[in-house]
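A look at the structure
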Amino acid sequence: MRIYDVSVPISEATPTYPGDPQVEIEQWAALTRGDAANVSMLHLGAHTGTHVDAPAHFIEGTQKVHSLPLDVLIGEARVIEIASDVRAITAEHITRQAPAGTKRLLFKTRNSAFWANTSEGFRTDFTYLTPGAALALVERGVRLVGIDYLSVEQFKSEAFETHTTLLSNNVVIVEGLDLRAVSEGAYELICLPLRITGGSGDGAPARAVLRARQD
């Protein structure tokens with residue numbers, strides 16, 4: 001059974017959303033300095049690289065990342081490929097391409113190609129989900145939505161309707177996937193965010209993999 005690692009590597013070269021903390025990785029202790037072990041110190045935001053958004057990200061007093069249900073984060077997922085000329089995923093794309101009954105839906109878009117070269121930093125021209133698409137996903141009973149860049153929301157959105165529509169209906173959001181090596185189809189998703197219990201519980205970096213299904 002083939003396993004695809006669809007997580008973005010985290011380093012100081014990893015792009016971050018404008019306004020979020022930059023990644024810093026420091027050598028806290030080092031064998032070369034005579035210390036007993038190598039120990040790294042990490043400085044990064046909760047929404048660095050591949051990460052999970054919890055309802056508390058945008059809605060005060062709601063579910064935090066450490067309490068998200070594991071049965072949503074693990075299970076059958078469908079990858080659908082969006083044409084490379086699409087900048088905004090609409091409700092029509094959901095109706096036309098997402099099979100009925102899908103509970104975990106991952107969007108492979110032109111964004112995935114951005115991960116081949118991160119030297120340009122954050123890309124503001126990423127493909128995103130419209131609020132209408134978010135509502136269509138809720139109406140279809142989707143429980144987890146993933147996309148292959150750092151936000152499901154249009155850059156510089158002011159109302160954040162895509163996020164609030166999904167999160168207010170307890171739809172888990174996975175952002176920052178790298179789906180370059182993955183074809184459209186059905187897989188098993190395993191996506192586990194760090195169990196961070198401090199702070200506002202808005203989200204956490206995650207390691208996400210897809211396992212090809214055996215028919």
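Summary of the structure given here. (Residues numbered from 1 in each chain as written. Predicted model: local features only at pLDDT ≥ 70, side-chain atom pairs only at ≥ 80, totals over all residues. Heavy atoms only, no water.)

Take the overall build of the protein chain next. The number of helices and strands found in the protein chain is 4 helices and 12 strands. What you see for the protein chain is a C-alpha radius of gyration of 17 Å, in line with the 17 Å of a compact globule of 215 residues. Overall, the protein chain is about 60 × 40 × 35 Å in size when its C-alpha atoms are taken along their principal axes. Within the span of the protein chain, comprising 215 residues, buried residues form 46% of the whole. Excluding contacts between residues fewer than 6 apart, the proportion of contacts in the protein chain whose partners are at least 24 apart in sequence is 73%. As presented, the protein chain carries roughly 10700 Å² of accessible surface, and 49% of it is formed by carbon and sulfur atoms. Taking the average location of the 19 positive side-chain charges in the protein chain and that of its 26 negative ones, the two points are 6 Å from each other. (Helix = DSSP H or I, 4+ residues; strand = E, 2+ residues; numbered from the N terminus. Rg over C-alpha atoms; globule rule 2.2 N^0.38 Å. Buried < 20%, exposed > 50% of the residue type's maximum accessible area, 1.4 Å probe, protein only. Contact = heavy atoms within 4.5 Å. Areas by Shrake-Rupley, 256 points an atom, 1.4 Å probe, with all protein chains shown as cover. Lys, Arg positive; Asp, Glu negative; His and termini not counted. Charge placed at Lys NZ, Arg CZ, Asp CG, Glu CD.)

For the rest of this paragraph, the subject is the packing of aromatic side chains. Counted under the stated rule, the structure contains 10 aromatic pairs. Ring geometry for tyrosine 17 and phenylalanine 122: centres 5.0 Å apart, planes at 70 degrees, overall edge-to-face. With tyrosine 17 in the loop between strand 1 (3–5) and strand 2 (24–29) and phenylalanine 122 in the loop between strand 7 (104–108) and strand 8 (128–129), this pair connects stretches of sequence that are 105 residues apart. For tyrosine 17, a relative accessible area of 22% translates into the label partly exposed. For the ring pair tryptophan 115 and tyrosine 149, a centre distance of 5.2 Å and an interplane angle of 40 degrees mean the geometry is tilted. In this pair, tryptophan 115 is assigned in the loop between strand 7 and strand 8 and tyrosine 149 in the loop between strand 9 (144–147) and helix 4 (161–167), connecting sequence segments 34 residues apart. We note that tryptophan 115, like tyrosine 149, is buried. Through a chain of ring-to-ring contacts, three or more aromatic side chains come together here, namely Tyr17, Phe114, Trp115, Phe122, Phe126, Tyr149 and Phe155. (Phe/Tyr/Trp six-rings, centres within 6.5 Å; stacked < 30°, edge-to-face > 60°.)

If you look at the biggest cluster of nonpolar residues, it comprises 24 residues, and the most contacted ones within it are Val6, Val52, Leu106, Leu144, Val182 and Leu210. When residues of this core are traced back to their parent elements, those giving at least two are helix 1 (70–73), strand 5 (74–81), strand 10 (172–175), strand 11 (185–193) and strand 12 (203–212). It is strand 12 that contributes the most residues to this core, 4 residues altogether. Filtering out sequence-adjacent residues up to four positions away, leucine 144 remains in contact with Val72, Leu73, Lys103, Arg104, Leu105, Leu106, Val171, Val172, Val174 and Leu189. Ile89, Ala98, Phe107 and Ile173 belong to the second largest nonpolar core, which has 21 residues in total. (Core = buried A, V, L, I, M, F, W, Y, C linked by side-chain atoms within 4.5 Å.)

What follows covers the pattern of salt bridges. Taken as a whole and judged by the stated rule, the model has 8 salt bridges. For arginine 33, the salt bridge is made with aspartate 35, and the minimal N-O distance between the two is 3.8 Å. Residues glutamate 92 and arginine 96 are paired through a salt bridge, measuring 3.1 Å at the closest nitrogen-oxygen approach. Taken together, the residues glutamate 92 and arginine 96, both in helix 2 (residues 91–97) and 4 residues apart, mark about one turn of the helix. Arginine 96 carries the same exposure label as glutamate 92, and that label is exposed. Connected via shared salt-bridge partners are Arg110, Glu120, Arg123 and Asp125. (Salt bridge = Lys/Arg side-chain N within 4 Å of Asp/Glu carboxyl O.)

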